Amino acid sequence: MINKIKEKDILKFIKEKEDRRILIPSIFEQFTNSILPELRNLRDMACENNLNVYQLAGAKNLSAANAITRTYNTKLGLLWERIANLAPNVTSPELDFGVKIPEVDVIVLYESNLYYTQLKTQKNTLTGSQGKRTVSELTAFKHHWFVACIETNASWTAPKKLNRLFGRQFWSKINIDYETDIIPNLKKSISAVNTLIANNN
């Protein structure tokens, strides 16, 4: 038993799970539509406080861009769990069982093994203070992956002790096409946010 979930129950759940990958575009769209009002509010309140140098200088555009990108990046990190969980060989302990396993976002059934997986947006998302905890929690599992969901030229900040996957290396293992399912929908979402910033008057 792992945090109140038995592996046999995980396997049974995945075996009976429906393939919901067709919902990928709509999940991206829901994500974007749900976050735009919050980002718009951040834009409009960009210089209401003196919490950073941009606000101190009255640089509304810089302040808005800073606040919006920080919030968007944080929320984007949570989106990958929902996207991956659409695949038939994936389960989210939190979304499907109501159980939070430390440092684990999804569990993937791959080649008859269960891989306990943490999802980050980019290679450089994991901070130094998080690294030790992540290594300790993930390496406790016989099979684990640490995933950077999007391929950029950033360098890894995750320790080499972790079994690291990058972009399509991961998505191909859950039969989601990186080029057609992930990148176009991500670009569309970011474009909407960019338009919001560009229209800051």
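Figured I'd write up the structure that's included with this text. All values derive from a computational prediction rather than experimental measurement.

## Things to note about the pattern of salt bridges
Enumeration according to the criterion identifies 8 salt bridges in this entry. The shortest N-O distance in the salt bridge between Asp44 and Arg43 comes to 3.0 Å. Accessibility expressed as a relative area gives 13% for Arg43, which makes it buried. When the shortest N-O distance is used, the salt bridge between Arg168 and Glu151 registers 2.8 Å. Here Arg168 is found in helix 7 (residues 168-171), whereas its partner Glu151 is found in the loop between strand 4 (144-148) and strand 5 (164-166), with 17 residues between them in sequence. Overall, the relative accessible area of 27% leaves Glu151 in the partly exposed class. Beyond isolated ion pairs, a larger network of salt bridges with shared partners links Glu151, Arg168 and Glu179.

## Concerning the side chain of Lys17
One can find Lys17 in the loop between helix 1 (7-16) and helix 2 (24-44). It is Asp96 that comes nearest to the buried, bridge-free Lys17 among opposite-charge side chains, at 4.6 Å. A polar side-chain atom of Lys17 sits 2.4 Å from the main-chain carbonyl oxygen of Asn85.

About the thresholds
Residues numbered from 1 in each chain as written. Predicted model: local features only at pLDDT ≥ 70, side-chain atom pairs only at ≥ 80, totals over all residues. Heavy atoms only, no water. Salt bridge = Lys/Arg side-chain N within 4 Å of Asp/Glu carboxyl O. Buried < 20%, exposed > 50% of the residue type's maximum accessible area, 1.4 Å probe, protein only. Helix = DSSP H or I, 4+ residues; strand = E, 2+ residues; numbered from the N terminus. Lys, Arg positive; Asp, Glu negative; His and termini not counted. Polar contact = N/O pair within 3.5 Å; in protein donor to acceptor, adjacent residues only side chain to side chain.

That's the geometry; what it means functionally is another story.
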